[in-house]
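Remarks on the overall topology
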Amino acid sequence: MIRVNENYLKIQASYLFTEIAHRVKAHQEAHPEAKIIRLGIGDVTEPLAPAVIAAMHKAVDDEATRERFYGYGPEQGYAFLREAAARDDFRSRGIDVAADEIFISDGAKCDCGNVQELFGPDVKIAVTDPVYPVYVDTNVMAGRTGANENGRYGKLTYLDCNAANGFVPSPADLKEPVDVVYLCYPNNPTGATATKEQLQAWVDWAIREKALILFDAAYEAFIRTPGIPHSIYECAGARGCAIEFRSYSKTAGFTGVRCGYTVVPKGLVGYAADGTPVELRPFWTRRQTTKFNGCSYVTQRGAEAVHSPEGKAQTRATIDFYLENARLVKEALLARGYDVTGGHDSPYLWVNVKGDSWAFFDKLLKEANVVTTPGAGFGKAGEGYIRISAFNSRENVLEAIKRLEKVLG
Ligand code: PLP
C-alpha cells in the first residue's frame with residue numbers, strides 16, 4: 001500500500017486565486033459586455049528587452065552549430081552569468097559576493113521552496129503575515145508546521161505586518177525563539193520596503209541567535225529611493241547569517257523565460273545536532289547538482305544580457321513604466337482618502353479598504369469591472385486590505401483609474 005506524505009493534507013487549500021477566478025467568471029457571464037481589467041495579477045505584461053532578445057537569438061544560433069553547441073551545462077550556472085551577476089548586482093555596489101557563491105536556477109520560487117531541505121526537521125520557522133505563500137507551504141510539506149487551526153499553523157511563528165510597524169516587523173516582535181526567518185523586501189504583497197537599520201537589526205539578531213535569514217529580493221530592481229538596501233549583504237555581518245534569492249522575473253520580464261539565482265556565501269554555517277558548524281554552501285551545491293540539471297543555455301545568455309549596459313537601460317525603462325502605473329493608481333487612491341503602502345519602490349499597492357477585503361473586491365469587480373486581490377488571501381493580517389498590481393498597459397491603468405474614481409467617489 002502506497003502511503004502518502006500526510007503533511008500535504010495539512011496544507012490549507014489556497015482558495016484565493018481559484019475563488020477570484022470563479023467570481024470573475026461569474027461576473028463576466030452575467031455581463032458579457034463588461035471589459036474587465038485585471039490589476040490582481042503579479043505577472044508582467046511588457047515584452048522582453050531588445051538586448052535580451054538579441055542575446056537569446058544569438059544563443060539559439062550557437063546551439064545550431066557543432067562548435068558552439070551546448071548540452072548539459074553546470075548545474076550551478078554558466079560562469080558568464082554567475083560573473084555578470086556578481087559584478088553587476090553586488091560588486092558594483094561595493095557588496096562582497098563572489099561568482100562561485102551565486103547559484104543560477106530557473107527562478108526564485110523553486111529556490112525559496114527548496115532551500116528548507118537543508119535544515120533539520122525540527123527547526124523553528126518564522127514568517128511574516130501577510131506572506132508569499134511558498135515559504136509557508138513548503139515547510140508544511142516538510143512537516144515542520146503542525147496543523148492549521150483558524151488559518152494559522154500551530155508550530156509556525158507569525159510576525160504580523162501592519163500599519164503600526166510600517167509592515168516591517170522587528171526581532172523584538174518574536175514571541176518565541178526561532179532558527180530561520182523569511183524576509184522579503186520590497187515586499188509582496190504589501191509593497192513595503194525595509195530600511196538598512198531595520199535589516200541590520202535582523203542580521204544582528206541572527207548572528208546572536210545562530211539563526212538564519214532567508215532574504216527574498218525578487219523585487220529589488222523596483223527600488224528607486226536612495227539608501228533602501230537592494231541586498232541583505234549591505235548589512236554588516238550578513239554574509240555569516242543570510243541566504244539571498246534573486247529573480248529575473250520582475251527585474252527583466254522573465255516570468256515566462258524562467259531564471260533566477262540564490263546566493264549562499266562561503267563560511268555561512270548551520271549546526272549539526274552536537275553543535276558542530278556545517279557549511280551550507282556545499283549542502284546547496286549537493287542539493288542542486290543532485291536534483292537540478294541547470295537553467296538552459298539560451299535563457300542564461302538572455303539573463304547575461306540583462307547585465308549589459310543596453311540591457312540595464314532597457315529593463316530599467318520597463319520598470320520605470322510599471323512604477324509610473326503604480327504612482328498613478330496610488331495618487332488616485334490617496335486623493336480619495338485611502339491609506340496606501342507601496343507603489344513607490346515596488347509594483348504593488350497595499351490598500352487599506354477600511355472593511356472586509358472580499359466585500360471590497362466584489363464592489364470593485366461588480367461596479368468598476370476591475371479585478372484586485374483580497375489581502376486575506378495572503379494571511380490573517382492581510383484582512384482589511386487589497387493588493388493592486390501595477391503590471392498592466394498604461395491604457396488599462398488609466399481606464400481602471402477612471403472607473404475607480406467613479407466608484408469610490
Ligand atoms: N518571491 C516573491 C516574493 C515573488 O512574489 C515571486 C513571484 O511572484 C517569486 C519569488 C518567484 O519568482 P520566480 O518567477 O523567479 O520564480
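These numbers were taken from a predicted model, which means no experiment stands behind them. (Residues numbered from 1 in each chain as written. Predicted model: local features only at pLDDT ≥ 70, side-chain atom pairs only at ≥ 80, totals over all residues. Heavy atoms only, no water.)

For the rest of this paragraph, the subject is helix 13 (residues 394–408). For helix 13, which comprises 15 residues, the first-to-last C-alpha distance of 21 Å matches the rise-based estimate of 21 Å (1.5 Å per residue) to within 8%. On the buried face of helix 13, the contacting elements are strand 1 (37–38), helix 11 (309–335), helix 12 (357–368) and strand 15 (370–371). (Helix = DSSP H or I, 4+ residues; strand = E, 2+ residues; numbered from the N terminus. Expected span 1.5 Å × (residues − 1). Contact = heavy atoms within 4.5 Å.)

Of the two faces of strand 2 (residues 102–105), the one holding I102 and I104 and the one holding F103 and S105 are both buried throughout. Across four bridges, the pairing between strand 2 and strand 10 (residues 260–263) is antiparallel. Counterpart to I102 in the pairing with strand 10 is V263. (Buried < 20%, exposed > 50% of the residue type's maximum accessible area, 1.4 Å probe, protein only. Pairing = 2+ DSSP bridges.)

Right, let's talk about the site of the ligand for a bit. In the region of the ligand, 14 residues are neighbours, and A108, D216, Y219, S247 and S249 sit closest. Between the ligand and the protein, one listed contact pairs an oxygen atom with a backbone N or O atom of A108 at 2.7 Å. Note that a nitrogen atom of the ligand is positioned 2.6 Å from one of the side-chain N or O atoms of D216. Coverage of the ligand by the protein amounts to 90% of the 390 Å² it exposes when considered alone. More than half of the atoms of the ligand fall within 2 Å of the grid points belonging to the largest pocket. Broken down by secondary-structure element, the contributors of at least two residues to the shell around the ligand are helix 5 (108–114) and helix 8 (248–252). Split into classes, the residues belonging to the shell around the ligand amount to six nonpolar, four polar and four charged. (Near = heavy atom within 4 Å. Polar contact = N/O pair within 3.5 Å; in protein donor to acceptor, adjacent residues only side chain to side chain. Areas by Shrake-Rupley, 256 points an atom, 1.4 Å probe, with all protein chains shown as cover. 1 Å grid on protein atoms, 1.4 Å probe; cavity = no way out; pocket = protein on both sides within 12 Å on 5 of 7 lines; lining within 4 Å. Sits in = over half its atoms within 2 Å of the grid points. Nonpolar A, V, L, I, M, F, W, Y, C, P; charged D, E, K, R; others polar.)

Structurally, N114 is set in helix 5. Among the polar contacts listed, one links the side chain of N114 to the side chain of R287, at a separation of 3.3 Å. Once residues lying within four places of it in the same chain are set aside, the contact partners of N114 are W284 and R287.

An order of 2-10-9-8-7-3-6 is seen for the seven strands of this open sheet, with the pairing classed as mixed. Single-partner strands in this sheet number two, and they are strand 2 and strand 6 (157–160). For this sheet, the mean inter-axis angle between neighbouring strands, taken without regard to orientation, is 20°. Strands strand 6, strand 7 (180–184) and strand 8 (212–216) of the sheet are contacted by helix 7 (residues 196–209), whose axis makes an angle of about 150° with strand 8. Relative to the sheet, helix 9 (residues 280–291) contacts strand 2, strand 8, strand 9 (242–247) and strand 10, its axis offset from that of strand 2 by approximately 25°. (Axes fitted to C-alpha atoms, helices over the stretch in contact; angles between N-to-C directions.)

Look at helix 4 (residues 79–90): 16 Å from first C-alpha to last across twelve residues, which is about the 16 Å you get at 1.5 Å a residue. Most of helix 4 is tucked away: nine of the twelve residues are buried. Residues F80, L81, R82, A84, A85, A86, D88, D89 and F90 constitute the buried set of helix 4. On its buried face, helix 4 is in contact with strand 2, strand 9, helix 8, strand 10, helix 10 (297–306) and helix 11.

Below, the discussion takes up the nonpolar core. Counting 53 residues, the largest nonpolar core has I102, I213, Y233 and Y248 as the members making the most contacts within it. Ignoring sequence-local partners within four residues, the contact set of Y248 consists of L81, A85, G253, F254, C259, G260, Y261, A303, V306 and H307. Within the second largest apolar cluster, 28 residues are counted, among which are V115, V127, L156 and V180. (Core = buried A, V, L, I, M, F, W, Y, C linked by side-chain atoms within 4.5 Å.)

Centre-to-centre distance and the angle between the planes together describe a pair of aromatic rings. In the structure shown here, the tally under the stated rule is 23 aromatic pairs. Geometrically, the ring pair formed by F90 and Y233 is edge-to-face, given 6.5 Å between the ring centres and 65° between the ring planes. Highlighted residues: F90 in helix 4 and Y233 in the loop between strand 8 and strand 9, separated in sequence by 143 residues. Relative accessible area serves as the criterion here: at 0%, F90 is assigned to the buried category. With centroids separated by 6.1 Å and ring planes inclined at 55°, the aromatic side chains of Y248 and Y261 adopt a geometry described as tilted. You can see Y248 sitting in helix 8 and its partner Y261 sitting in strand 10, a full 13 residues away along the chain. Y261 carries the same exposure label as Y248, and that label is buried. Grouping aromatic residues by their ring pairs yields a cluster made of Y219, F222, F321, Y322, Y348 and F391. Its guanidinium or amino end placed over the ring of F80, R301 lies 3.6 Å from that ring's centre, counting from NZ or CZ. Against the face of Y338 rests K354, its NZ or CZ located 4.5 Å from the ring centre. (Phe/Tyr/Trp six-rings, centres within 6.5 Å; stacked < 30°, edge-to-face > 60°. Lys NZ or Arg CZ within 6 Å of the ring centre and 35° of its normal.)

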